[in-house]
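# Inside the fold
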Amino acid sequence: LFLDELGEFAPTTLDALRQPFEERVVRISRASRSLCFPAAFQLIACSNPCPCGLGDPACRCTEAQRARYRRRLSAPFLDRFDLRLRVGGPEAADPCGEPSAAVRARVAVAVERQQARYRDWPWSTNAHVPAGAVARLLPLAGDALDAWRDLVESRVLTGRGAARVRRVARTLADLDDAADVDAPHVEVAASLRADVP
Amino acid sequence: VSGSTRPPAPGLDPVDVAAGILACLPEMTPARLRALWARGAGPVGALAAIRRGGVTDLLTVHAPPERLSARLELAARWRVVLEDDAILATLTRRGTHVMVDGRPGYPIADDVPHRPLVLLGEGDADVLDRPRVAVVGTRAATPHGLADAHEVGAVLGAAGVTVVSGLAIGIDAAAHEGALAAGGAVVGVLGTGLDVVYPRRHRILFERVRSAGMLVTELGYGVAPRAEQFPVRNRIIAALADIVVVVEATARGGARITAERAAEYGRDVMAMPGSRRNPAAAGTNALIADGALPLLDPSDVLLALGMHAGAQRVRRTPPATGDTGLVFRACGGDGATLDQLASRTGLRPAAVAVAARELERSGWLERAQGMWWPKE
């Protein structure tokens, strides 16, 4: 599910996404019965930083307009995104993008690793590891543990963010086909939880 | 409504009392105040003239026909208001300082054109006796600009300079906060009455400014915020300051008005330069192009005031080698995303993330709005 211009959706509409988000089912209750449909979707969304969408330096929005626009997306809602990043303008030195085939190969390796890891569990991806099982199933050690603790103690990460970063760090390690999560995986995962939009 | 706990300001004499009451009459404007002043040959005479009903012509002479009845009502209302001592009671209860042009304690020099006849203040009037520097800027400040404003405020506050600003969101608030954090004195100039808190979210800051310094306005109690009152407020900020420092201003913002007024009053204007790509630096860069002094270090303000920078400048050397050196230089004095830093340095994103975190830990970078920003 890709939602373009997230900030343009009514807050009530976005709120209705929360339950399917968490339980991966949609419940529809009518007078006589209640039905349950599967809704295991992946949500991708993008938003402009302000209503005009022109970006610096052409943007003419006032700070109040920007703040109002940002407030449309509540913190608890944004918190449910595993990855949040700001997309900057292109740079002269940008390398040509990696071919999709190469990315696909890396993703396939990561998916296999995760399926093998969760063979005995009712889920098959890092993202679906329940919060209570994160510490046991996604252990950190050595430098990675130090880096994670440091991020939590210096309040770069919030409570909820701290658990989510472990899942993302594990996925980054899977993409590297690495057996253990190391400190750079944790740092990149933390960088992918930006305070945007 | 935030009440002052101070005792009534001492030394309220009949002229000050009359001036304070005049300034607090409903729908008072600078032009009306000036006309009343002239009619009564001063505030005491002006009050007497209102009580006699002898000022109606001042309100109606230039009134368009459709406003005539409202003006007549206003003249009548003033007489009614003056029948009891409610305004005087407010001034006494809140310990209001009434500062009258041409009398001792009036803080604006007499070479400033169109200065307010009356200023009302709450707090500690002694903070006006120190050197005064205004620190102003845009409400749409970058994290960078906020840090700069905070630092300028702190340097001035620690050196015993009174920091004057407008209590607005953004640069104003950061400058006040910096001065307060350094134990310094502050003056907040309002575009409303002294009992109105605008913006609402600064109500705690308002109280801190009132207790560590002074709130000042030319508007009477109860006057609500209106857009046209803020440029006038900016004029008072410029008039109160020995030097005006602008930290981040947009091309067409209120901070530029303050700077232009200050230049007109013969005050030094200092502006912090910024990147051409930063819209919040467009105004400061334009001011520098127009002849404002570029402010490269907060302590330069002290030098401009003729004071010695208290401590030797401690200059830390930014990291120059290794991944941290590459990443720090790649920020180029402005915010950059992880991807941009990776592209500029040629490092892998993982290496950039580790280096950036290292720089964050050692106080060279900070993260905000999904980007990395240099901290000094």
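You'll find the structure just up there.
Report on the accompanying structure. (Residues numbered from 1 in each chain as written. Chains lettered and ligands numbered in written order. Predicted model: local features only at pLDDT ≥ 70, side-chain atom pairs only at ≥ 80, totals over all residues. Heavy atoms only, no water.)

## Here we look at the side chain of His97(B)
The residue His97(B) is located in strand β1 (residues 97-100) in this model. At 2.8 Å, the side chain of His97(B) and the backbone oxygen of Gly123(B) are in polar contact. (Helix = DSSP H or I, 4+ residues; strand = E, 2+ residues; numbered from the N terminus. Polar contact = N/O pair within 3.5 Å; in protein donor to acceptor, adjacent residues only side chain to side chain.)

## Brief notes about the pattern of salt bridges
A complete count under the given rule lists 29 salt bridges over all chains for this structure. For the salt bridge of Arg210(B) with Glu122(B), the shortest nitrogen-to-oxygen distance reads 2.2 Å. Residue Arg210(B) is located in helix α9 (residues 203-212), and its partner Glu122(B) is located in strand β2 (residues 118-123); the two are separated by 88 residues in the primary sequence. Accessibility assignment for this pair places Arg210(B) and Glu122(B) in one class, buried. Its salt-bridge partner being Glu207(B), residue Arg210(B) comes within 3.0 Å of it at the nearest N-O pair. In this pair, Arg210(B) and Glu207(B) are both assigned in helix α9, three residues apart and thus about one turn of the helix distant. Relative accessible area serves as the criterion here: at 30%, Glu207(B) is assigned to the partly exposed category. Salt bridges sharing partners connect three or more residues here, namely Asp150(A), Arg357(B), Glu358(B), Glu360(B), Arg361(B) and Arg367(B). (Salt bridge = Lys/Arg side-chain N within 4 Å of Asp/Glu carboxyl O. Buried < 20%, exposed > 50% of the residue type's maximum accessible area, 1.4 Å probe, protein only.)

## Comments concerning unusual backbone geometry
Residue and element names in this part refer to chain B. Omega for the peptide link from Tyr 198 to Pro 199 comes to 0 degrees, which places this bond in the cis form. The phi dihedral of Leu 167 is positive, around 60 degrees, even though this residue is not glycine. One can find Leu 167 in the loop between β4 (162-165) and α8 (171-181).

## So, the side chain of Thr60(B)
Along the chain, Thr60(B) turns up in helix α4 (residues 56-60). Not counting chain neighbours up to four residues away, the residues in contact with Thr60(B) comprise Leu68(B), Arg71(B) and Leu72(B). (Contact = heavy atoms within 4.5 Å.)

## Focus on the packing of aromatic side chains
When we look at a pair of aromatic rings, we describe it by the centre distance and by the angle of the planes. Residues and elements named next belong to chain A. The full count for this structure, using the stated rule, is eight aromatic pairs over all chains. Ring geometry for Phe 21 and Phe 77: centres 6.3 Å apart, planes at 25 degrees, overall stacked. Taken together, the residues Phe 21 in helix α2 (residues 18-23) and Phe 77 in helix α4 (residues 75-79) connect sequence positions 56 residues apart. Each member of the pair Phe 21 and Phe 77 is classed as buried. Here the aromatic rings of Phe 21 and Phe 81 are separated by 5.9 Å at their centres, their planes lie at 75 degrees, and the arrangement is edge-to-face. (Phe/Tyr/Trp six-rings, centres within 6.5 Å; stacked < 30°, edge-to-face > 60°.)

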